[in-house]
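Residues per chain, in single letters:
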Amino acid sequence: QVQLVESGGGLVQPGGSLRLSCAASRSIISLNAMGWYRQAPGKQRELVASITSGGSTNYADSVKGRFTISTDNAENTLYLQMNNLKPTDTAVYYCNANSGWRGQYDYWGQGTQVTVSS
């Protein structure tokens with residue numbers, strides 16, 4: 001198992017930046033992948049960005065060129081750098097970790113609120 005704790009959310013004006021962090025309770029090297037998801041009020045949870053153990057990244061079209069996902073394996077931490085934020089980025093952001101030889105285990109953090117508003 002792995003526990004995930006997100007931080008770094010908050011209120012920011014349009015065009016601003018935030019960096020989300022997700023601290024894992026154990027080494028993340030052995031995980032298949034990690035990712036950030038978000039859920040806005042009244043909407044389904046959606047994938048924002050993911051990164052595999054090999055370093056391959058994937059982004060939702062809506063955040064390409066603005067968000068960057070990365071890991072610090074020494075600190076067992078996942079990051080999401082968010083630049084040029086838009087009101088449509090407002091949501092609760094969740095950290096996810098996937099493990100197991102069939103990818104059958106998914107772990108979630110408690111979420112952190114990001115609000116983009118003037």
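Residues numbered from 1 in each chain as written. Predicted model: local features only at pLDDT ≥ 70, side-chain atom pairs only at ≥ 80, totals over all residues. Heavy atoms only, no water.

Participant: Hey, could you run me through the pairing of strand β11 (residues 112-116) in this one?
Facilitator: Strand residues, when the strand is regular, have side chains that alternate between the two faces of the sheet. Only one face of β11 is covered, namely the face carrying T112, V114 and V116; the face carrying Q113 and T115 is uncovered. Pairing of strand β9 (residues 91-99) with β11, which is carried by 3 bridges, proceeds in the antiparallel orientation. Counted as the bridge partner of V92 is Q113 from β11. (Buried < 20%, exposed > 50% of the residue type's maximum accessible area, 1.4 Å probe, protein only. Helix = DSSP H or I, 4+ residues; strand = E, 2+ residues; numbered from the N terminus. Pairing = 2+ DSSP bridges.)

Participant: How do you make sense of the environment of Y37 when you look at a structure like this?
Facilitator: In this fold, Y37 is placed in strand β4 (residues 33-39). Of the residues examined, Y37 reaches a relative accessible area of 22% and is grouped as partly exposed. Separated by 12 residues in sequence, Y37 and A49 place their C-alpha atoms 7.1 Å apart.

Participant: Got a minute to help me understand the side chain of N98 in this structure?
Facilitator: Tracing the backbone through its elements, the reader meets N98 in strand β9. Overall, the relative accessible area of 15% leaves N98 in the buried class. Looking at N98, its side chain comes within polar contact range of the main-chain oxygen of G103, at 3.0 Å. Excluding anything up to four places from it in sequence, N98 contacts L31, N32, A33, G103, Y105 and D106. (Polar contact = N/O pair within 3.5 Å; in protein donor to acceptor, adjacent residues only side chain to side chain. Contact = heavy atoms within 4.5 Å.)

Distances and angles like these do not, on their own, reveal function.
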